[in-house]
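So the chains spell out like this:
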Amino acid sequence: MSAIAMTRSGDRIAFDRLGEGPGVVFVAGAGPFRATDPTTTRTAELAARQGVQTLVFDRLGRGESAAEGDLTLERELDAIAAAIDAVGGRAVLVGHSSGCSIALAAADAGLPVTGLALWEAPIGQFRGGAAQFEADFLAHLDAGDLEAAQVEYMRDMPPEFLEHARAMPEWPQIAAGSRTYRADARSLAWAEEVPLAERLAGIAVPALVMVGAQTFPGMRETADRLAEALPRATFREMPGAMHDWEPAPMADALVRLALEAAQG
């Protein structure tokens, strides 16, 4: 059912919650929210039919989760904490793209995360490193130039992604959404601040690191590094293409992970 939760930072997050059982919380990457992401909603519906409780929320500043000011990583982690609380106080986090690094930061910060499902994390894939990427992105964001911030955020994506986005009539709204990417940029830089094995050494929950059968250059290599660095990780190629997954097999994989994680 659709509901609202308050975070420790005083933000309101809107979410849909389905099913009963161990919690599974979806953490979107840069851009998507419930109204624009039918794949995640469908995955949550299918998983909820199999004995888990799923929650899909609008990240801060998106959809129905209106929020003002700087949308920092700390505020996003408070939003995740509220989402976890809404499914019983413990949950598997499902990260998509930069949502993976946010989910990893949540687990590292000590939130009650029982497992991690990471889909195509772009960690370690920025020319010049993620710290420079974050600095360049924030220079535009803090200057109030949201279109330049959006372009900067997409600089290392396939160029046709930006070309397609700029040709869309929704481009002004897409660019305005760049104000919600501050936490994404921070978490990606955080992941690179120390060697990956050192950064992730304390995250001892079961983790499923995934890429689609048709994926972009670099994604598989990053997944291999994550699976090696996380203490309890496995790698799996899944049905999917264009940075997205197929809902039915993804739901099955998440249910297995959530039930395993609930057993300790």
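Here is what the cut-offs are and how they apply
Residues numbered from 1 in each chain as written. Predicted model: local features only at pLDDT ≥ 70, side-chain atom pairs only at ≥ 80, totals over all residues. Heavy atoms only, no water. Buried < 20%, exposed > 50% of the residue type's maximum accessible area, 1.4 Å probe, protein only. Helix = DSSP H or I, 4+ residues; strand = E, 2+ residues; numbered from the N terminus. Pairing = 2+ DSSP bridges. Salt bridge = Lys/Arg side-chain N within 4 Å of Asp/Glu carboxyl O. Core = buried A, V, L, I, M, F, W, Y, C linked by side-chain atoms within 4.5 Å. Contact = heavy atoms within 4.5 Å.

Here strand β1 (residues 2-6) shows a clear split, with Ala3 and Ala5 buried on one side and none of Ser2, Ile4 and Met6 buried on the other. The pairing of β1 with strand β2 (residues 12-18) spans 5 bridges and is classified as antiparallel. Opposite Ala5, over in β2, you have Ile13 as the bridge partner. Linkage of β1 to β2, two consecutive antiparallel strands, is achieved through a turn of 5 residues, within which Gly10 is found at a positive phi near 90°.

So, on to the pattern of salt bridges. When charged atoms on two side chains of opposite charge get close, those side chains can pair. Scanning the model with the defined rule gives 20 salt bridges in all. In this structure, the salt-bridge partner of Glu134 is Arg186, at a minimum N-O distance of 2.8 Å. Linking Glu134 in helix α4 (residues 130-142) with Arg186 in helix α8 (residues 182-192), this pair joins segments that are 52 residues apart in sequence. Residue Asp142 is joined to Arg182 by a salt bridge in which the shortest nitrogen-to-oxygen separation is 2.8 Å. Of this pair, Asp142 sits in helix α4 while Arg182 sits in helix α8, and the two are 40 residues apart along the sequence. A residue is classified by how much of its surface remains accessible, and Arg182, at 14% relative accessible area, is buried. Connected via shared salt-bridge partners are Arg127, Asp136, Glu152, Arg155 and Asp156.

Residues Val25, Phe57, Ile80, Leu93, Leu104, Leu116 and Leu230 are the most contacted members of the largest nonpolar core, which totals 66 residues. Looking at this core, the element that brings in the most residues is helix α2 (residues 73-86), giving 9 residues. Residues within four places of Leu230 in sequence aside, it is in contact with Leu104, Leu118, Leu200, Ile203, Ala207 and Val209. In terms of nonpolar packing, the next biggest core, distinct from the first, is built from 23 residues, Val24, Phe26, Ala47 and Leu254 among them.

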